[in-house]
Structures are given as structure tokens and as C-alpha cells.
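The lines below spell out each chain.
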Amino acid sequence: MQENKPIKKAVALKYDTQKDKAPKVVAKGKGEVAKNIIKIAQENELPIKKDEDLVELLTKIELDREIPENLYKAVAEVFSFIYNITNKR
């Protein structure tokens with residue numbers, strides 16, 4: 001009997017403070033696509049934050065679209081996490 005493992009999902013965000021009002025979803029996917037997003041992030045030494053609930057919400061946003069205002073706080077926490085990790089390097 002096979003275990004019912006949840007399908008892994010991943011989302012990549014980009015935030016250009018010079019051009020964008022808010023972060024944008026630049027990649028998203030599940031299964032193999034998610035694994036590739038994570039692999040590319042690791043290869044480029046980009047920080048990865050695991051938050052399954054937030055990923056679920058972000059996968060509903062169209063590619064190259066800014067995140068909606070109701071997700072600003074949650075995404076700000078992710079960027080704060082990334083900022084802290086980056087500064088420790």
C-alpha cells in the first residue's frame with residue numbers, strides 16, 4: 001500500500017523595489033516542477049522558506065502578477081526571514 005504524500009509545491013517570488021509595488025510570482029509548480037524550482041534556488045544559493053499554507057495561496061496567483069494586498073503581511077515575513085539569513089552570511 002502506498003502512502004498518501006502531499007504533492008510538493010513551490011513558488012518563487014521576485015521583488016524589484018525600483019519597478020514593482022509588491023513582490024511578483026515569477027515561478028510556480030508542483031511535483032517535478034516544484035523540485036526544479038527548489039533545485040534552481042539551491043544552486044543559486046537563494047534562501048528557501050517552507051510555508052505550505054502561503055505556497056498554497058501563492059500558487060493561485062497568475063505568473064508575473066504582483067501579490068494581492070491581503071498577502072503583504074505573510075510575504076513580508078518571508079522577506080524578513082530572507083533578509084536575516086542573507087545578513088548572517
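Residues numbered from 1 in each chain as written. Predicted model: local features only at pLDDT ≥ 70, side-chain atom pairs only at ≥ 80, totals over all residues. Heavy atoms only, no water.

Novice: Mind showing me how you'd approach the nonpolar core here?
Specialist: Soluble globular proteins tend to pack their nonpolar side chains together in the buried interior. Listed in full, the 11 residues of the largest apolar core are Val11, Ala22, Val25, Leu54, Val55, Leu58, Ile61, Ile67, Leu71, Val75 and Val78. If one sorts the elements of this core by residue count, helix 2 (residues 52–58) sits on top with three residues. Once residues within four sequence positions are removed from consideration, Leu58 is found in contact with Val11, Leu13, Val25, Lys28, Ile67, Leu71 and Val75. (Core = buried A, V, L, I, M, F, W, Y, C linked by side-chain atoms within 4.5 Å. Buried < 20%, exposed > 50% of the residue type's maximum accessible area, 1.4 Å probe, protein only. Helix = DSSP H or I, 4+ residues; strand = E, 2+ residues; numbered from the N terminus. Contact = heavy atoms within 4.5 Å.)

Novice: Can you walk me through unusual backbone geometry in this structure?
Specialist: For residues other than glycine, phi is negative in most cases, and the peptide bonds are mostly trans. Of note, Glu45 is a non-glycine position whose phi angle comes to about 55 degrees, a positive value. Residue classification places Glu45 among the exposed residues on the basis of a relative accessible area of 60%. Here Asp64, not a glycine, exhibits a phi torsion of approximately 65 degrees, which is positive. Checked against the element boundaries, Asp64 lands in the loop between helix 2 and helix 3 (72–88).

Novice: I would appreciate a short explanation of the pattern of salt bridges in the present structure.
Specialist: Opposite charge on two side chains makes pairing possible when the charged atoms of those side chains draw close. Using the criterion set out here, one finds eight salt bridges in the structure. The salt bridge involving Glu56 is made with Lys9; its shortest N-O contact spans 2.9 Å. With Glu56 in helix 2 and Lys9 in strand 1 (residues 9–14), this pair connects stretches of sequence that are 47 residues apart. Residue class for Glu56 comes out partly exposed when judged on its relative accessible area of 32%. (Salt bridge = Lys/Arg side-chain N within 4 Å of Asp/Glu carboxyl O.)

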